[in-house]
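Read off the chains here:
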Amino acid sequence: MMNNIDNLKKCLPTPCYVIDEAALISNLEILKGVRERTGAKILLAQKAYSCYSTYPLIAQYLDGTACSGLFEAKLGFEEMGKENHVFSAAYRENEIDEIISYCGHIIFNSFNQLDKYREKVLKAGKKIGLRINPEFSTQEGHEIYDPCSPASRLGITRRNFRDDDLDGVTGLHMHTLCEQNSDDLEATLDAMIEKFGDILEKMEWINLGGGHHITRPDYDIPRLEKCIKMLQDRFGLEVFLEPGEAIALNAGYLVTEVLDLTENDMPIAILDTSAACHMPDVLEMPYRPPLRHAGEKDEKPYSYRLGSQTCLAGDSIGIYSFDKPLSIGDRLVFGDMAIYSMVKNNTFNGMPLPAIVLLKSDGNTETLKEFGYSDFKARL
Ligand SMILES: *Cc1c(COP(=O)(O)O)cnc(C)c1O
């Protein structure tokens, strides 16, 4: 039988992230289809996923990388080497030259920044974009992910846009979505065009940011493609998308071992992982990660609160239920752990960082990274 995560989990070091190459490829095939049918360019937003060992694979399907500053710009340049777009809320003077050297598109968040760095970018023969804020919220519940929330620092609103200061500006950038479907994109584009349609007429390209959950089974791809074609036909624009999540959605696991079983009002399992350290979005977003072969609380006969080794009282992943009682030494496999996990993890409480293993599409595994005490010590 072909190796999969269930029969491999016993042989892996724990805790460890496992990148599922076959799942990654199936996402990339979907994204490549959008590119081929529309001519839009799709970039990997490295903020969500920067495991560069897989960049050569990703490069076979996508157009390049999107970056949030110098380090991501350098990584995309070194490891992907294709089209590279950068957006930062503000650029440091001592970094801008190097950033320009790595990126073809430099996107500014204000006219101050544009005026400060315009000549440098143009002299280097690179393209300039401005991030706009269409002031159209389509997200409910988590304001932390909504760049259109009141007093947002992200993007220039129409009122603050200087129509007479666009020398050298060839594109606009917009990022307002998070894990959303294309109906929200469509509504946002209507609002954006109402405000910025006259500016778009003068532009050559638009970058629609990320937050497009394109590889989710219920995502409406034809509607996305309609939106792209509308921008191409009506305004003659080159269209870019820079999804992060969609590229490695459901393409990774976090394997952990049960270290102890205790009891306080209900059964508790202590794992050798940590929500705070290894899957911070579980606490920050917050969300409940999927766990293979487990159910909701009380859905199966044996429910446990799954908690971590750390001293943080709230470092718990949630209550899950199982067909059989858990035993010390059991391996558990959390799903959807490729995105916003490795890029956000930390060594709080002296927790070790999980190893990173690639589960190749031929069933073999390759350990990409292992970490130890020196990774904890070196940062302090
Ligand atoms: C976060 C972000 C992305 C990627 O968003 P996903 O939700 O991971 O698709 C793309 N562009 C910008 C500017 C971002 O801030």
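Fair warning: this is a prediction, and the values are worked out from it, not measured in the lab.

Colleague: Just to check I follow, could you spell out unusual backbone geometry for this structure?
Modeller: For residues other than glycine, phi is negative in most cases, and the peptide bonds are mostly trans. Omega for the peptide link from Thr 14 to Pro 15 comes to -10°, which places this bond in the cis form. Each neighbour pair has its own omega, and for Met 285 with Pro 286 the value is -20°, a cis peptide bond. Take Pro 286: it is sitting in the loop between helix H11 (281–284) and strand E12 (302–307). Even without glycine at this site, Asn 250 takes up a positive phi of about 55°. With respect to the helices and strands, Asn 250 occurs in the loop between helix H9 (245–248) and strand E10 (252–263).

Colleague: Help me understand the domain arrangement of the protein in this model?
Modeller: Much of the literature gives interface size as the accessible area that the parts lose upon coming together. The domain boundaries assigned to the protein delineate domain 1 (2–19 + 252–337 + 345–378) and domain 2 (39–248). Relative to domain 2, the C-alpha centre of domain 1 lies at a distance of 34 Å. Opposite the 8 residues of domain 1 that make contact, domain 2 presents 10 residues. With both chains or domains summed, domain 1 and domain 2 bury close to 640 Å², and 61% of this area falls on carbon and sulfur atoms. Looking only at domain 1, the three residues that lose the most surface to domain 2 are Ile 19, Met 285 and Leu 368, adding up to 62% of its buried area. Linking domain 1 to domain 2 there are 0 salt bridges. Connecting domain 1 to domain 2 are 1 residue pair in polar contact (both at pLDDT 80 or more). Residues of the side of domain 1 that touches domain 2, tallied by class, amount to 5 nonpolar, no polar and 3 charged.

Colleague: Just to check I follow, could you spell out the packing of aromatic side chains for this structure?
Modeller: For any pair of aromatic rings, geometry is given as the distance between the ring centres together with the angle between the planes. Under the counting rule described, the total for this entry stands at 9 aromatic pairs. For the ring pair Tyr 320 and Phe 334, a centre distance of 6.0 Å and an interplane angle of 75° mean the geometry is edge-to-face. You can see Tyr 320 sitting in strand E13 (residues 316–322) and its partner Phe 334 sitting in strand E14 (residues 331–335), a full 14 residues away along the chain. Phe 334 shares its class with Tyr 320; the two are buried. Within the aromatic cluster, the residues linked to one another by ring pairs are Tyr 91, Phe 108 and Tyr 117. Across the ring face of Phe 87, the terminal group of Arg 131 is positioned such that the distance to the ring centre comes to 4.7 Å. If you follow Arg 288 out to its NZ or CZ, it ends over the ring of Tyr 320, 3.8 Å from the centre.

Colleague: What is the right way to read the pairing of E13 from this model?
Modeller: If a strand is regular, its side chains alternate between the two faces of the sheet. In terms of burial, E13 is largely enclosed, as 6 of its 7 residues are buried. With 6 bridges connecting them, E12 and E13 associate as antiparallel partners. Of the residues in E13, the one forming a bridge with Leu 306 is Gly 318.

Colleague: Help me understand the site of the ligand in this model?
Modeller: Inspection of the region around the ligand gives 13 residues, with Lys 47, Gly 211, Glu 242, Gly 244 and Tyr 340 positioned closest. Between the ligand and Lys 47, the relevant distance is 2.8 Å, taken from an oxygen atom to a side-chain nitrogen or oxygen of the residue. The separation between an oxygen atom of the ligand and a polar main-chain atom of Gly 211 is 2.8 Å. Within the shell around the ligand, the residues separate by chemical class into 4 nonpolar, 5 polar and 4 charged.

Colleague: Sorry, what's going on with the side chain of Ser 110 here?
Modeller: Topologically, Ser 110 is positioned in the loop between strand E5 (105–108) and helix H6 (111–123). A distance of 3.3 Å separates a polar atom in the side chain of Ser 110 from the backbone nitrogen of Asn 112. Setting aside residues no more than four positions away along its own chain, Ser 110 makes contact with Leu 130 and Ile 156.

Cut-offs used in this document
- Residues numbered from 1 in each chain as written.
- Predicted model: local features only at pLDDT ≥ 70, side-chain atom pairs only at ≥ 80, totals over all residues.
- Heavy atoms only, no water.
- Helix = DSSP H or I, 4+ residues; strand = E, 2+ residues; numbered from the N terminus.
- Domains from an automatic or database assignment.
- Contact = heavy atoms within 4.5 Å.
- Buried area = accessible area lost by both parts, 1.4 Å probe.
- Salt bridge = Lys/Arg side-chain N within 4 Å of Asp/Glu carboxyl O.
- Polar contact = N/O pair within 3.5 Å; in protein donor to acceptor, adjacent residues only side chain to side chain.
- Nonpolar A, V, L, I, M, F, W, Y, C, P; charged D, E, K, R; others polar.
- Phe/Tyr/Trp six-rings, centres within 6.5 Å; stacked < 30°, edge-to-face > 60°.
- Buried < 20%, exposed > 50% of the residue type's maximum accessible area, 1.4 Å probe, protein only.
- Lys NZ or Arg CZ within 6 Å of the ring centre and 35° of its normal.
- Pairing = 2+ DSSP bridges.
- Near = heavy atom within 4 Å.

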